[in-house]
Amino acid sequence: MRLAYLTPFLLLACCLQSASAQVTSQDFDKIMLYTLKNSNGLTIKVTNYGAIITSILVPDRDGEMGDIALGYDSVEDYTNAVDKPYFGAVVGRYGNRIAEGKFTIDGEDYTLAVNNGPNHLHGGVIGFDKVVWDAKPVGDNSLELTYVAKDMEEGYPGNLKCKVTYTLTDDNELKIHYEATTDKTTPVNLTQHTYFNLKGEGNGTILDHELMLNAKKFTPVDEGLIPTGQLVDVAGTPFDFTTAKPIGRDIEEADEQLNFGGGYDHNWVLDKGGKDGEMTLAARVSEPSSGRVLEVFTTEPGVQFYCGNFLDGRLTGKAGKPYVYRGGLCLETQHFPDSPNQPNFPSTLLEPGEKYDTTTVFRFSTE
């Protein structure tokens, strides 16, 4: 197992792959790229800007390596993109949406930045995906990233100390361990926002990928993609992925929820075989032409499946190919959207003296 880190690179001109560069911007003088590589050749690259996974190189069934993570070659592309689709980032303090950017804790009202229509999304205007994390290798197979979100940053109460650890194993698993503590009661819901295309980034759509979601219920939404508070059975609907099926099979059905999301952009309620907090299989994705398989395991109660409905070809990735409509999929393990305003959802409140502690695993294989 090898973990190597690169020296700082230039904000405006240097590729993430470059070995060294002169820093010209103080705001970005600590940005680094780290490489994790296991004994099987599986390689993952991570930058401490946004804790972003920039590249995931995995073999297909014939042993040919391909990059299956959408993303860019330079920091400039991440910061100056026409859209900010959160490619590969850790999002927080609260992943997903909070209605009208408002919630109440112990009778005190809080107002967050509104950055998604009338709602708050993925931590606000400058969420965890747009800050520089401190990073250090841990042993020979892990990268530890830390960030302290100040009290009232983006409107959230409490100084929140966060740690995310990426570990690549020789079993071709990427383990993502999230930890956080706070000095004031605050909502916390961290998640990883990698867009996957198992054919290789930039290689068409993900509609032929076959997806299984280990969930018999999902949380329907209103037109602003805020949950209604209900848990609805997927049986008999386009949202039934309890048995693997091509993502594109039912996506164009006349369905109000699909219309609201422009396709799939919803939270599924995972079937938990054990107690809350135990690791469970959340999803399995396979791609027929390459034979690549992705399995997702998590201690979280939900997973947001998003199929790239807002990609439109304006963003060009690492291979110089445009990222087309539905050219990538996300499986964001999480607590449910808008939980601070939904008393029947599992709580996302972290209290002083408690520890936020959750794990997600991406397992890569072929068939």
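Residues numbered from 1 in each chain as written. Predicted model: local features only at pLDDT ≥ 70, side-chain atom pairs only at ≥ 80, totals over all residues. Heavy atoms only, no water.

A. Summary view of the overall build of the chain. Along its length, the chain carries two helices and 27 strands. Radius of gyration (C-alpha) of the chain: 19 Å, near the 21 Å computed for a compact globule of 367 residues. In terms of its C-alpha atoms, the chain occupies a principal-axis envelope of roughly 50 × 45 × 40 Å. Across the 367 residues that make up the chain, the buried fraction comes to 57%. Roughly 14,200 Å² of accessible area belongs to the chain as shown, and the carbon and sulfur atoms make up 48% of that amount. (Helix = DSSP H or I, 4+ residues; strand = E, 2+ residues; numbered from the N terminus. Rg over C-alpha atoms; globule rule 2.2 N^0.38 Å. Buried < 20%, exposed > 50% of the residue type's maximum accessible area, 1.4 Å probe, protein only. Areas by Shrake-Rupley, 256 points an atom, 1.4 Å probe, with all protein chains shown as cover.)

B. The arrangement of the sheet that holds strand 24 (residues 302-306) in detail. Taking strand neighbours across the sheet as the criterion, the five strands line up as 19-18-21-24-25 in an open arrangement whose pairing is antiparallel. Unpaired on one side and paired on the other, strand 19 (232-233) and strand 25 (330-334) mark the two borders of the sheet. (Pairing = 2+ DSSP bridges.)

C. Region of interest: the pattern of salt bridges. In the structure shown here, the tally under the stated rule is 18 salt bridges. Taking the shortest distance from any N to any O, the salt bridge between Asp-67 and Lys-318 comes out at 2.7 Å. Of the two residues, Asp-67 sits in strand 5 (residues 65-67) while Lys-318 sits in the loop between strand 24 and strand 25, which places them 251 residues apart along the sequence. With its nearest N and O atoms 2.9 Å apart, the salt bridge here joins Arg-284 to Glu-367. Residue Arg-284 is located in strand 22 (residues 280-286), and its partner Glu-367 is located in the segment after strand 27 (356-366); the two are separated by 83 residues in the primary sequence. Through salt bridges with shared partners, a single network forms among Lys-136, Glu-144, Lys-163, Glu-179 and Lys-355. (Salt bridge = Lys/Arg side-chain N within 4 Å of Asp/Glu carboxyl O.)

D. Region of the structure containing the confidence of the model for the chain. Looking at the chain, pLDDT values average 91 and 91% of them are 70 or higher. Contacts from residues 1-28, a stretch scored under 50 in pLDDT, to residues over four places away or in other chains number 78 contacts. (pLDDT = per-residue confidence, 0-100. Contact = heavy atoms within 4.5 Å.)

E. Representation of the side chain of Asp-250 in the model. Counting through the fold element by element, Asp-250 comes out in the loop between strand 20 (245-246) and helix 2 (256-261). The class for Asp-250 is buried, based on a relative accessible area of 9%. A distance of 2.6 Å separates a polar atom in the side chain of Asp-250 from a polar atom in the side chain of Lys-245. Other than its neighbours up to four places away in sequence, Asp-250 contacts Pro-238, Lys-245, Leu-258 and Tyr-264. (Polar contact = N/O pair within 3.5 Å; in protein donor to acceptor, adjacent residues only side chain to side chain.)

F. Expanded view of the packing of aromatic side chains. Going through the model one piece at a time under the given rule, you end up with 23 aromatic pairs. Relative to Tyr-78, the ring of Tyr-72 has its centre 4.9 Å away and its plane inclined at 75 degrees; by these criteria the two rings are edge-to-face. Judged by relative accessible area, which is 5%, Tyr-72 ranks as buried. A relative accessible area of 9% means that Tyr-78 is categorised as buried. Ring geometry for Tyr-306 against Phe-310: centres 6.1 Å apart, planes inclined by 25 degrees, an arrangement best described as stacked. We classify Phe-310 as exposed; its relative accessible area is 54%. Put simply, the rings of Tyr-72, Tyr-78, Phe-87, Tyr-195, Tyr-306, Phe-310 and Tyr-323 touch in pairs and so form one group of aromatic residues. Above the ring of Phe-241, the side-chain terminus of Lys-245 is found at 4.4 Å from the ring centroid. (Phe/Tyr/Trp six-rings, centres within 6.5 Å; stacked < 30°, edge-to-face > 60°. Lys NZ or Arg CZ within 6 Å of the ring centre and 35° of its normal.)

G. View of the sheet that holds strand 12 (residues 142-149). Overall, antiparallel pairing links the nine strands, which are arranged 11-12-13-14-27-23-22-17-20 in an open sheet. At either end of the open sheet lies a strand with only one pairing partner, and these are strand 11 (134-138) and strand 20.

H. Representation of the environment of Asp-271 within the structure. Summarising the element assignment, Asp-271 is placed in the loop between strand 21 (265-269) and strand 22. Exposure remark for Asp-271: the relative accessible area of 23% places this residue in the partly exposed category. Note: C-alpha distance between Asp-271 and Asp-170 (101 residues apart in sequence) is 28 Å. Filtering out sequence-adjacent residues up to four positions away, Asp-271 remains in contact with Asn-214, Ala-215, Lys-216 and Thr-280. There is a polar contact of 3.0 Å between the side chain of Asp-271 and the side chain of Lys-216.

I. Summary view of unusual backbone geometry. The amide bond that connects Gly-92 to the next residue, Arg-93, takes the cis arrangement and shows omega of 10 degrees. With respect to the helices and strands, Arg-93 occurs in the loop between strand 6 (90-91) and strand 7 (97-98). Despite not being glycine, Glu-100 shows a phi value in the positive range, around 55 degrees. Mapped onto the secondary structure, Glu-100 falls in the loop between strand 7 and strand 8 (102-105). The exposure class assigned to Glu-100 is partly exposed, which follows from its relative accessible area of 49%.

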